[in-house]
There are 2 protein chains.
Amino acid sequence: MTISNNDLKKYSSLNRKIKRKEYQLFVVEGEKICKELLKNDFEFESILATEDLQNEFPLATVCSRKEIARISHLKSPSNVIAICKIPTYKINSKDKKPLIFLDNVNDPGNLGTIIRTLDWFGYKQVFCSKNTVDCFNNKSVMSSMGSIFRINCHYIDFDEFQKIFPQHVTYGTSLNGENIDSIRLGTNSIIVIGNESNGISKKIMDKLNNTIRIPGVGNAESLNVSVATGIVLNELGKINPQK
Amino acid sequence: MTISNNDLKKYSSLNRKIKRKEYQLFVVEGEKICKELLKNDFEFESILATEDLQNEFPLATVCSRKEIARISHLKSPSNVIAICKIPTYKINSKDKKPLIFLDNVNDPGNLGTIIRTLDWFGYKQVFCSKNTVDCFNNKSVMSSMGSIFRINCHYIDFDEFQKIFPQHVTYGTSLNGENIDSIRLGTNSIIVIGNESNGISKKIMDKLNNTIRIPGVGNAESLNVSVATGIVLNELGKINPQK
């Protein structure tokens, strides 16, 4: 079995969000993450691998390095690429974990790292404003280190999201918020994480019950958004009876 | 004042570590970080800016976009670049903060984010194994968001480092360590953070008093190293009387 020129063309277009949406497909790259894909029973359309990886990926279509390089987003392309199907996720409205809402997170590396961190702390879903970067962007997929196969990312307006969880108390991270240590966060919490440069948009900020802050004593203006999210999730883990 | 061809050539070579070492210079790029540079009284050799930024950077040599693009490491070059002097840092052996030692952290983005996070939590210095990526790498400088001007990075062998702080208790982050919540970390602590893929090298691990772990309940194999460091620093902040 070899790859057709049409498929090559189609797959190499998946670096664009509009094409991922059209075909409902995205690219994952590298041995480790392709193995995670198979472990997680995540649906895929095809796996493309060079001949030397045939034993490890018996389902793969054998491709030349050149063919794989055409699809790859990396400077040094890997020997294996999978073309995965974008799933249709259902919101779990009975989720017992606190809920994380990402407001306009822009950097795909940050989003992927946040997805990885959520997975570490046992979350199954995350909510993203519609202007948050696409979680199936190749950089996001890469930095999720396979957690993209386990975390359901829902792109949804904040108002609509809040209607599904009307009993939850809403918190937003902010440089002027209350010290996170001094707040008793419950499991019925929604935590909104803001944009890398501008924080939470005013429109959403106006709707929140509280703001929280990670106390710093130094000179840095702010924390990286995935670091801040990691610290918040670690704090939430302490109050979460699930853990 | 215009820039000479020789300087252009010299500055554009600074994307290589060997050249940064030879000239004892490194590049910072972008308005925000160049303003941080001036605020922090950090030594520089020159600032290069396009004409429209002359008011904001009166000390700058006016350059064309094309000249700046030759030095820039970015796909979309900024309008201002500074050529900074690599400082000679002295270890503060009386530091009252816990000490962070980075063992073979490879990714410059991670190192920069760690430097930014240290700055947030009020640290002034960090220790790096000699195989840790160069903190003056352009990606590291960028992701430090200006904190590179405030944090002293010391590249030093672990043995030599430990000799300077013989009374400190050593901890290493490890997936099999003790839950970080259940350990009483004192200010006289050294925390070793390991490599992105392989964790702490066996050579160093064998010398540590304790290992600590950030408790996770999910499926991710590990946390991103800068997220893990952020969580550790937040925990350390709670015990640190300085704060």
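Since this is a predicted model, take the numbers as computed values, not measurements.

Conventions and cut-offs
Residues numbered from 1 in each chain as written. Chains lettered and ligands numbered in written order. Predicted model: local features only at pLDDT ≥ 70, side-chain atom pairs only at ≥ 80, totals over all residues. Heavy atoms only, no water. Helix = DSSP H or I, 4+ residues; strand = E, 2+ residues; numbered from the N terminus. Expected span 1.5 Å × (residues − 1). Buried < 20%, exposed > 50% of the residue type's maximum accessible area, 1.4 Å probe, protein only. Polar contact = N/O pair within 3.5 Å; in protein donor to acceptor, adjacent residues only side chain to side chain. Contact = heavy atoms within 4.5 Å. Least-squares fit on C-alpha atoms with pLDDT ≥ 70 in both. Pairing = 2+ DSSP bridges. Axes fitted to C-alpha atoms, helices over the stretch in contact; angles between N-to-C directions.

> Explain helix H5 (residues 108-120) of chain B residue by residue, including any values.
Residues and elements named next belong to chain B. Taking 1.5 Å per residue, 13 residues should reach 18 Å; H5 reaches 18 Å between its end C-alpha atoms and fits that length. Of all 13 residues in H5, 13 are buried, a share of seventy percent or more. Where H5 starts, the residue carrying a side-chain oxygen 2.9 Å from the main-chain nitrogen of Gly-109 turns out to be Asp-107.

> Explain the side chain of Arg-150 of chain A residue by residue, including any values.
Secondary-structure assignment places Arg-150 of chain A in the loop between helix H6 (138-144) and strand E7 (152-155). A relative accessible area of 15% places Arg-150 of chain A in the buried class. Setting aside its immediate chain neighbours within four residues, Arg-150 of chain A contacts Glu-36, Asn-40, Asp-119 and Lys-124 of chain A together with Asn-219 and Ala-220 of chain B.

> Provide a residue-level description of the relation of the copies chain A and chain B, including the pertinent values.
If you rotate chain A by 180° and push it 0.0 Å along the axis, it lands on chain B with an RMSD of 0.0 Å. What we have between these two chains is a two-fold relation. Interface overlap between copies: 100% of the residues of chain A at the interface are likewise at the interface in chain B, consistent with a symmetric, same-surface contact.

> I'd like a rundown of the sheet that holds strand E9 (residues 189-193) of chain B, residues and numbers included.
Residue and element names in this part refer to chain B. Across the sheet, which stays open at both edges, the 6 strands sit in the order E7-E6-E5-E9-E8-E10 with parallel pairing between neighbours. Because the sheet does not close on itself, it has two edges, and the strands there are strand E7 (152-155) and strand E10 (210-213). Adjacent strand axes in the sheet meet at a mean angle of 35° when their direction is disregarded. Bridge analysis of strand E8 (residues 169-179) against E9 gives 4 bridges, and the strand direction is parallel. Its bridge partner being in E9, Tyr-171 is matched across the sheet by Ile-191. Contacts between H5 and the sheet are confined to strand E5 (99-102), strand E6 (125-128) and E7, with E5 contributing the most and set at about 180° to the helix.

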